[in-house]
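Chain residues, written in single-letter form:
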Amino acid sequence: MTEERPPKAASASLWEREDAVAGVAEALDALCVDRSSSGSLLVVRGEAGFGKTALLAETRRMAEARECVVWQARGGETLKSVPFNVVRQLLQPALISLMPEETREYLGDWYDIAGPALGITEPGERQADPQGVCDGLVAAVRRLAKRDWPLVLLIDDAHWADQETLRWLAAFAERLDDLSVLIVVARRPGEVSGESARYLDAIAATAGPPITVLESLTPKATAGLTRATLGPHADGAFCREVWAVTDGNPYETVELLAKVKDSGLAPIEDSAAELRELNRSARGGGLVARLDDLGFEATRFAWAAAILSTGISVNLVAKLATMSREEAARCAELLRTARILTAPDPAASQAGAGELEFVHPLIATAVYDSIPGGVRTAMHGIAAQVVTDSGLGAASASRHLLQVHPDDDQELVEQLREAAREHLSIGAPDAARRCLERALLEPPLAETHARVLYELGCATLLTAPATTIGHLQTALGMPGLDGHARVDAVFRLSQALTHNDQLEEAVRTVEAEAARHEPGAARMRLQAVQFMWEGIYAGEGTSPGRSERLAALAGTCVGRDNSERALLILRGFDAMTHGENAEEVVELCDRALVNGRLAPGLGWTDTEWGLEILMMLASSYAYTDRLDRAESLYNEALRAYVSAGWSGGHLSLAHAYIGLGHRRRGRLREAEISLRESLRLAERVGRGLPLYWSATCNLVDTLLARGHVDEAWSIAEQYGFAPPYPSTIVLPDPRCVRGRLLLAVGRTKDGINELEQAAKAATVRGHHNPVLVPWAVDLARALAVEDPTRAAQLASDARRQAEHFGTDTAIGEALRCAASLETGQRAVRLAAQAVAYLESSPCQYEHAAARVEYGIAARSVAEINRGLTLARSCGADGLVTQAREVLETGRGLR
C-alpha cells in the first residue's frame, strides 16, 4: 500500500492538505502577477490540532519563495482583553523597519489617530473615537502595504484575537479590491460570541473562494504519516490504532508518534495497546502528570509561562515564579526537552515575542487550566506588578488585574481606573469598560463608587447608550458625585437617553436636576440643555409656554459665558423654526459668537455641550439665507472631526450638513456626493438613529431636486425612509420630503395625506417657517385641480408667513407657488416677482426653477435659456429636460 505524502519541505501536519495548499499557491500566484492585482482573503477553519498553524507556516514558506513580504500575528487565549494586540504584532515588521520620521510621513494625517493604538506615539488628551482609530489603522496598513508589495498577512488563532483587531480586519478586508495584499486567516469554529463573532462572520463573508475547512486525517493518511515517522515496517494494526486513539487529529498524531519514537516502542500490533496511555500523556491530566514528573520547579516555571502567555523570557518567568535565574534556566531546558516549550520560529516571531513559546496552543491551555485557582489568581497579581514595575503602564497590566479576586483593594481600583483612561485614549472603550466593571467588584469606597460608575457611563456612551443610562442613573442616585461632575453626568445621561430614542425622559431628567440648583452657572447650563432637547423633539411640546420662557431667559443674556451663548443659539433656532423675523434670528445667533467665531469650549469636538447645539446654530443661518456663515460652520465641523479622527456619527452628520449646505446653495451634484458619504458612514453606526434620517432625508430631497425621481424612490425604499419618523426633528422636514416624493412617483392621494400629516405636526410644534417645513406650497400645488379654493388659501397663507419671516428665498418660493396656481398675465406677474426675489437669494436651484417657470409663463425663449443655463450649473437634470422640451416644441414662444 502507498500513502499520499505532504508537499516537499512541509510539516508532517500537512498530510491530506493538498487542496488547501494548492488554494494558497493559486492565491499567491495571482498576487504576484503585478502591482495591479486585486487583494484576496482566505479563511482556514479547523478544530484544535487540525493543522491550521502548519498550513500558515507552509504559506509563509511559499510566499517567501516568491519573494513576498510576510507579516504574521496570532491571537492568544489569555490575551483577548488586550486591545490592538494582534494588529500591533502584525505591523511590527513594517514599523521597526522605519525611522520615526518615516513612519510619520507614511501615515500622514493618520499618525496621531492610529499611532497611539499601535503604540508608536503618545495618545492625545481627548477620548479617541473607536471608528476613527479603526479607519486610521485601515489607512495605515493600506499605505504600508503599497510600499511592501507583494504583501502577505497571516493571522493565526483569529478566534482569540482582540475585538479591536477584528474590527479593523473586517473593515480592511472590505477594501482589498484596489490593494495587492493576500490575507490568510486561520481560526477554530465556534469559540467566540458577541461582537467578535460578528466581526469574524463579516471577515468570512468577504473571503473569495469557499472557506477551507480542515478535516481529521483518514486512516490511510495516518498510516502514511506513521510509516514516514517510524519506518516503512510499521504494521497495519499499529497504524490503525494510532488513528483510533488520536481520532485523526494531526497534531496529536505527530505528538504521539514522537513519543513512540522517544520511547523506543516497536510499531507492531503487540505494542498497539500502549498507544492510548502514551497519547493520554500529551493532553489534559496526562500533561499535568508529565509536568509533575519534571518536578515542582519546572511545573511552576510552566505555570508562570502560561500566565504571561506572550513575551516569555527566562528572566521574566524567574521574577514571576520567584526563583533564581539559574533555576529558571534549568527548568526552561527541562520543558524544552519535554516538548512543552520551544524557541519561537525566527522566521515568524515578532519583536518582543520572548525567548520561549508553547509548542502548541493546546499545551498552553492545558497548562493554564491546570494551575490551581488560588495560585493562578495570585500569579496574575504578581504578573501585574511585574508589568507595572517594568514601566509598561496600567493598561498593559490590566489583563492580569482583571483576573485578580475582589479584595477591597483601593489601589487596585485606582490602577483599573487609570487603565480605563489609557484604553479610552487609544480608542478601546470595550477594554475600558471591562476595567471599570472589574473595579466595581472590588468594590470602590463609598466616596469613589459614584465616580467609577460615572466613568463607566462615559466609556460606554458611544457604544452602548442603554448601558450608559443604567450606570449614570445609579451614579446620580449615590453620594460622591457633586458640582461640575454631577451636572456633566446629568448632561451625558440626557445624551444617552436621546441617542436611545428616549427624548422625553431626557428632557424630564434635565428639568428635574435644574430644579435642584440655585440660580447660577450650573442651573443655567441645565436649563439650556433642557431647552436644547425640547428644541429638537419632533413630537408634541414637552412643556407649555416653552418658547416664551426661552425668550425671557435669553433676553437676559448678552453672551458672557457659554451657558448664555447656548441660550442665545437656542432662542435663535426656536425663532427660526417658528418663522419669526429672520433678521432677529441672525442677530441672536451673531451674539452667541465671539468675534464671529465659536467661543472656546463651544467647539465641534468639545464634549461639554455636544454637537447638537452647534448644528442648531448653523441651521439657523442656513434657513435665514446666511449660507456663507452656515457653510463656514459645516466645513469647520468636518475639519475638526477629520483632524480628531472622529469618523463615526459625528463625521456622518458633518457630511450630511455639508450636503444640506450644498443643497440650499443649489450645488446639487456636490450635495449628492456629500450625502452619499454621510449615508455610508451612518450605515456603520446603525440604522434608525437621527443621523441616519438626516442623511437619507437630505439625499432623497436632493435627488428630487435633480429630477432623479426613480433613484430617490429607490433610496427611500432601500433605507426605510417612511413612517414611523424619529422622535428628533430632521432638517428638512421628512414628512414634507416624503410627501413630495409620493407626488413625484404618481401616488397623489398618498402624497396629499403625507403633507396633511406634515401640516398637523408642524402646527403642534409651532413650526411655521415655510422654507424649513414647506408643506403648504407642496400641498397647494397638489390640490390645484381638485380643490382650487383651498389651494389658493394655502398659497396665500404661505406668502403671508414668508413675508413675516422676510427672507428672499421664502418670499420667492411662496410667489412661485402662487404663480403656479394662476393663468394669464397674473401668472406672469407673480412669476416675475418670484424671479426678482430668488435672484437675490443664495439658493440657485430655486432661482433656476423660477426662471424656467417665468420663461414658460411669459413664453420667452431668452428667459427659458437663462433658466436652462442656471439649471445646468446646479445639476438639476429634470429642470434641464423640462426647459429643453419647451424650447424644442417652440409653440407660442417668442
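Preceding block: the structure.
Note that the structure is predicted; figures quoted are calculated from it, not measured.

## A few points about the packing of aromatic side chains
Each pair of aromatic rings is reported with the distance of its centres and the angle of its planes. Taken as a whole and assessed by the stated rule, the structure comprises eight aromatic pairs. Arranged with centres 5.7 Å apart and planes meeting at 15°, the rings of Tyr641 and Trp646 form a pair that is stacked. Residue class for Tyr641 comes out buried when judged on its relative accessible area of 0%. Take Trp646: its relative accessible area is 10%, and that puts it in the buried class. With centroids separated by 5.9 Å and ring planes inclined at 55°, the aromatic side chains of Trp693 and Phe721 adopt a geometry described as tilted. Highlighted residues: Trp693 in helix H34 (residues 690-706) and Phe721 in the loop between helix H35 (709-718) and helix H36 (734-744), separated in sequence by 28 residues. The exposure class assigned to Phe721 is buried, which follows from its relative accessible area of 1%. An aromatic cluster is present here, built from Trp604, Tyr641 and Trp646 joined pairwise through their rings.

## Observations regarding the nonpolar core
Core analysis: the largest hydrophobic core is formed by 165 residues, its most contacted members being Trp533, Trp604, Val700 and Trp775. It is H34 that contributes the most residues to this core, nine residues altogether. With near-sequence residues (within four places) excluded, Trp533 lies in contact with Phe491, Ser494, Gln495, Thr498, Leu503, Ala506, Val507, Val510 and Glu612. Among the nonpolar cores identified, the runner-up in size contains 47 residues, and Ala117, Ala145, Trp168 and Ala173 belong to it.

## Quick look at unusual backbone geometry
Cis rather than trans, the peptide bond between Glu442 and Pro443 has omega equal to -10°. On the secondary structure map, Pro443 appears in the loop between helix H21 (429-441) and helix H22 (446-460). With an omega of -5°, the peptide bond between Leu731 and Pro732 qualifies as cis. Note on placement: Pro732 falls in the loop between H35 and H36. In this structure, Glu16 is a non-glycine residue whose phi angle is positive, near 60°. Even without being a glycine, Phe84 presents a positive backbone phi close to 65°. Among the secondary structure elements, Phe84 is positioned in the loop between strand E2 (69-74) and helix H3 (85-96). What makes Phe84 buried here is its relative accessible area of 3%.

## Some details on the sheet that holds E2
Pairing is parallel across the open sheet formed by five strands, whose spatial order is E2-E3-E4-E1-E5. Of all the strands in the sheet, the pair left with one neighbour each is E2 and strand E5 (212-213). Of the strand pairs in this sheet, strand E1 (residues 40-45) and strand E4 (residues 181-187) are connected by six bridges, and their pairing is parallel. Opposite Val43, over in E4, you have Val185 as the bridge partner.

## Notes on H21
An ideal rise of 1.5 Å per residue puts 18 Å on 13 residues; H21 measures up with 19 Å between its terminal C-alpha atoms. The elements touched by buried residues of H21 are helix H6 (130-147), helix H7 (163-173), helix H19 (394-401), helix H20 (410-425) and H22.

## What to know about empty space enclosed by the protein
A full pass over the atoms with the stated rule returns three cavities of 30 Å³ or more. Taken as a whole, the largest cavity encloses approximately 200 Å³ of empty space. Lining the largest cavity are 17 residues, with Ala538, Ile729, Asp733, Arg735 and His767 sitting closest to its centre. Where the lining of the largest cavity is concerned, the elements lending two or more residues are H36 and helix H37 (748-765). When residues of the lining of the largest cavity are assigned to their parent elements, the largest contribution, four residues, is made by H37. As a volume, the second largest cavity reaches approximately 50 Å³. Taken together, His767, His768, Asn769, Pro770, Val773, Pro774, Trp775, Ala776, Val777, Ala798 and Gln801 make up the full set of residues lining the second largest cavity.

The rules behind each value
- Residues numbered from 1 in each chain as written.
- Predicted model: local features only at pLDDT ≥ 70, side-chain atom pairs only at ≥ 80, totals over all residues.
- Heavy atoms only, no water.
- Phe/Tyr/Trp six-rings, centres within 6.5 Å; stacked < 30°, edge-to-face > 60°.
- Buried < 20%, exposed > 50% of the residue type's maximum accessible area, 1.4 Å probe, protein only.
- Helix = DSSP H or I, 4+ residues; strand = E, 2+ residues; numbered from the N terminus.
- Core = buried A, V, L, I, M, F, W, Y, C linked by side-chain atoms within 4.5 Å.
- Contact = heavy atoms within 4.5 Å.
- Pairing = 2+ DSSP bridges.
- Expected span 1.5 Å × (residues − 1).
- 1 Å grid on protein atoms, 1.4 Å probe; cavity = no way out; pocket = protein on both sides within 12 Å on 5 of 7 lines; lining within 4 Å.
- Points joined across faces, edges and corners; volume = space filled by probe spheres on them.

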